[in-house]
Structures are given as structure tokens and as C-alpha cells.
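# Structural features, examined
These are the residues of each chain, in order.
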Amino acid sequence: MTRLTGNALRVTVFIGEHDTWHHKPLYSEIVHRAHAAGLAGASVFRGIEGFGASSRIHTSRLLSLSEDLPVAIVIVDTEERVRAFLPQLDELVTEGLVVLDDCEVIRYVGRGEESGESDANGKRSL
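Definitions and cut-offs
- Residues numbered from 1 in each chain as written.
- Predicted model: local features only at pLDDT ≥ 70, side-chain atom pairs only at ≥ 80, totals over all residues.
- Heavy atoms only, no water.
- Salt bridge = Lys/Arg side-chain N within 4 Å of Asp/Glu carboxyl O.
- Buried < 20%, exposed > 50% of the residue type's maximum accessible area, 1.4 Å probe, protein only.
- Helix = DSSP H or I, 4+ residues; strand = E, 2+ residues; numbered from the N terminus.
- Contact = heavy atoms within 4.5 Å.
- pLDDT = per-residue confidence, 0-100.
- Axes fitted to C-alpha atoms, helices over the stretch in contact; angles between N-to-C directions.
- Parallel < 35°, antiparallel > 145°, perpendicular 65-115°, else oblique.
- Left-handed = near helix turned anticlockwise from the far one by under 90°.
- Nonpolar A, V, L, I, M, F, W, Y, C, P; charged D, E, K, R; others polar.
- Core = buried A, V, L, I, M, F, W, Y, C linked by side-chain atoms within 4.5 Å.

## Brief notes about the pattern of salt bridges
Applying the stated rule across the entire model yields seven salt bridges. Of the charged contacts, one joins Asp77 and Arg81 as a salt bridge, the two residues approaching to 3.2 Å between their closest N and O atoms. Arg81 gets classed as partly exposed once you look at its relative accessible area, which sits at 37%. Residue Arg83 is joined to Glu79 by a salt bridge in which the shortest nitrogen-to-oxygen separation is 2.9 Å. With a gap of four residues between them, Arg83 and Glu79 both fall in helix α2 (residues 79-92), about one helical turn apart. Classification of Arg83 as partly exposed rests on a relative accessible area of 40%. Looking at Glu79, the relative accessible area reads 36%, which means it is partly exposed. Connected through salt bridges with shared partners, the residues Lys24, Glu29, Arg33 and Glu91 form a single ionic network.

## Re the environment of Ala72
Here Ala72 is to be found in strand β7 (residues 70-77). Dropping the residues within four chain positions of it, Ala72 is found in contact with Thr12, Val13, Phe14, Ser43, Val44 and Phe45.

## Focus: the confidence of the model for the chain
Averaged over every residue, the pLDDT of the chain is 84; the share at 70 or more is 73%. Mean pLDDT across the secondary structure elements of the chain bottoms out at strand β9 (residues 123-124), with 53, and peaks at helix α1 (residues 26-36), with 98.

## Concerning the packing of α1 against α2
Taken N-terminus to C-terminus, the directions of α1 and α2 make an angle of 160°; their axes are 11 Å apart at the nearest point. Judged by the inter-axis angle, α1 sits roughly antiparallel to α2. The interaxial crossing formed by α1 with α2 has right-handed handedness. Facing α1, whose interface residues are Leu26, Glu29, Ile30, Arg33 and Ala34, α2 presents Phe85, Gln88, Leu89, Glu91 and Leu92. Among the residues forming the contact of α1 with α2, the class breakdown is six nonpolar, one polar and three charged.

## Digging into the side chain of Arg33
Within the secondary structure, Arg33 is located in helix α1. Discounting residues that sit within four places of it in the chain, Arg33 has contacts with Trp21, Phe85, Gln88, Glu91 and Leu92.

## Here we look at the environment of Arg33
Judged by its relative accessible area of 16%, Arg33 is buried. Along the sequence, Arg33 and Gln88 sit 55 residues apart, while their C-alpha atoms lie 8.0 Å from each other.

## Quick look at the nonpolar core
As a rule of thumb, nonpolar side chains are buried together in soluble globular proteins. If you look at the biggest cluster of nonpolar residues, it comprises 18 residues, and the most contacted ones within it are Val11, Val13, Ile15, Ile30, Ile73, Ile75 and Leu89. Among the secondary structure elements, those contributing two or more residues to this core are β1 (2-16), α1, β7 and α2. A total of five residues in this core trace back to one element, the largest contributor, which is α2. Sequence-distant contacts of Ile30, that is, excluding residues within four places in its chain, are made with Val13, Ile73, Ile75, Phe85, Leu89, Leu92 and Val93.

As C-alpha cells, this is what we get:
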């Protein structure tokens, strides 16, 4: 197993579960665009409770069923690639929050996926 490391930028997009783009879930459109842009990865996380600009609490608790739970889409790649993707988020996200964080990536890759150059410790850059 090889370990890949490097500095990266994480973008987290907070939206509602029922936000849409051309009649399909907005989170799905963001993930598919990130994939088409060749970004390293994207994941969608469904929240169980939260509130945003409306100050209305959305929850999955049985007694107060909400049909619009919070969703977070997390994308990580190099700063240059993430910043190049931001105009697409500007187009898609009309109501929500986008957060950018510097981070360091440690990625473990199986032998079947090895490619590229390593340093003396077997580490590769993102």
C-alpha cells in the first residue's frame, strides 16, 4: 500500500436535501460536475438536524418530520483545481453556504492503483 500526501483545498457546500437543478437533486448535479471536471473526489453527507439563513430547524426526529434535511457536499483537490471549479458552484448554488478550508491529504492507495513518482518515503503529492 502506498501513501499519497500533499496540501489541498477542501470545499464544503451546505444546501437543502430538496434543492434542485433542472428537476434533479442539486447535490447530485454538483457531484457529477466535480467528476466531469476531474476533481479528486466528492462525497455527499445527509444531516440529521440543522438550520441555516431561514433560522428554521430541520430535523429527522419522528415527532417533527422535515422534508428538507441539511446536506453537505465535500470536495477535496489541489487549490488550483478547486478554485477553477468555483464558477460552477456560483452557477448552481443560489441558496446555501460554501466553505473553503486548507487541508493536508493523506491518501492510501492499493498496489493495483500505484502510478507516478514517489519520494524516498514512498509518499506522493496530490
